[in-house]
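Understanding the architecture of this molecule
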Amino acid sequence: MIVRWGLDCVRAVCDEAGVGWPPLLVASPRWELPIEPVRRWSEVPSVRIEEAAAQAERGVIAVGGGSAIDLGKAVSAAADVALVSVPTTYAGAEWTTYYGVRDPGRKLRGGGGGAQPRGIVYEPELTFDLPRETTVGTAMNALAHCAEALYVDGHNEEADAHALTGARLIAEWLPRVVEAPHDREARTELLRGACHGGAALGGSGLALAHAMAQAVGGRYGLPHGTLNGICLPPALRWNEQWAPDAVRRFREAVGRNVEELAALGGATRLSDLGVPEDDLPELAEAAAGRPGNRANPRPATPAEIEALLRAAF
């Protein structure tokens, strides 16, 4: 993956990544960028992915959070072209080849793999005006990437190094960003932590906490990052039985209570988000079948996941 810092690097990264000019741009109207695209899409519904792909023969640039970058990945996969991402949150979607496609209500309506992410440009100033909930939620998503990279099936030394570095940076700088959202150093270091978390994810994979968050978020259209902040603590306690050394190393790198970091964003319980308690058994069944659970050190049964969801309710 080609990684550079600063918007002035976008054209050079595109050249190096094989994205021709002018590219197709996937970005919301709020972003003013030094890019003259062949066409700009602010939303690409799943039924129009092929239409967008037909205009992406030179490649794709995606600017935004996880949803925008997932749309860019869907177009990249459909058109079989390279993708350069400019993330504006800490979600980490820029590091993976798989994606989900959501409707305007944020409910999951499809997904797949085969995207060709070749380059990333990080610009801290694009994160300055992120709402507190989004800042904390997407940072907790990045922190979950770090945790799960340490014990997921396929974990390895290179991904472990990224995971531990990312966990330290996120835990240190997230509280400072919450206190001073326009502090450039704090935003830069938090974004650097998320970058390491993304690299850990790209080199390993997802586990139980993400499976739980995806099952809940995909059904109700709730923020994925906030759900990871809620689901990670019980998943960590569960995995201490099966991967005690990995969880210990993660906790030592973080150096504080994970729940305290999640609470910086507000919601800390599924009930805070309006998840119906009666739906927990069905959500547990859905989470049990997700790839993240199957890649956990010991996959959890639906009944075991239901107990974890109730602990987070």
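Up top you'll find the structure we're talking about.
Quick caveat, the model's predicted, so the values are computed rather than measured.

1. Observations concerning unusual backbone geometry
Following Trp-21, the chain continues to Pro-22 via a peptide bond in cis, the omega torsion being 0 degrees. Its identity is not glycine, yet Asp-80 carries a phi of approximately 60 degrees, on the positive side. Within the secondary structure, Asp-80 is located in the loop between helix H3 (66-79) and strand E5 (83-87).

2. Describing the environment of Glu-252
Relative to the assigned elements, Glu-252 resides in helix H9 (residues 244-254). Its relative accessible area of 54% is what places Glu-252 among the exposed residues.

3. Quick word on the nonpolar core
With 72 residues, the main nonpolar core has Leu-143, Phe-250, Leu-270, Ile-305 and Leu-309 as its most contacted residues. At 10 residues, helix H5 (residues 157-179) tops the list of elements feeding residues into this core. Val-19, Trp-31, Leu-33 and Ile-61 belong to the second-largest nonpolar core, a separate cluster that totals 20 residues.

4. A word on the sheet that holds strand E3 (residues 39-41)
Judged by pairing direction, the sheet is parallel, and its six strands sit side by side in the order E1-E8-E5-E4-E2-E3 without closing on themselves. Here the strands that pair on one side only, and so sit at the sheet edges, are strand E1 (2-5) and E3. On average, each strand axis in the sheet is inclined to that of its neighbour by 20 degrees, with strand direction left out of account. Pairing of strand E4 (residues 60-64) with E5 involves five bridges; the strand directions are parallel. Paired with Gly-64 across the strands is Pro-87, a residue of E5. Helix-sheet contacts for H3 involve strand E2 (24-27), E4 and E5, and the interaxial angle to E4 is about 165 degrees. Against the sheet, helix H6 (residues 184-203) engages E1 and strand E8 (117-122), with an angle of about 175 degrees to E1.

5. A closer look at H3
Compared with the 20 Å implied by 1.5 Å per residue over 14 residues, the 20 Å span of H3 between its first and last C-alpha is a close match. Within the sequence span of H3, burial applies to Ala-68, Ile-69, Asp-70, Leu-71, Gly-72, Lys-73, Ala-74, Val-75 and Ser-76. In the stretch just after H3, Asp-80 is the one whose phi turns positive, near 60 degrees.

Cut-offs applied
- Residues numbered from 1 in each chain as written.
- Predicted model: local features only at pLDDT ≥ 70, side-chain atom pairs only at ≥ 80, totals over all residues.
- Heavy atoms only, no water.
- Helix = DSSP H or I, 4+ residues; strand = E, 2+ residues; numbered from the N terminus.
- Buried < 20%, exposed > 50% of the residue type's maximum accessible area, 1.4 Å probe, protein only.
- Core = buried A, V, L, I, M, F, W, Y, C linked by side-chain atoms within 4.5 Å.
- Pairing = 2+ DSSP bridges.
- Axes fitted to C-alpha atoms, helices over the stretch in contact; angles between N-to-C directions.
- Contact = heavy atoms within 4.5 Å.
- Expected span 1.5 Å × (residues − 1).

Read these as spatial facts, not as claims about activity.
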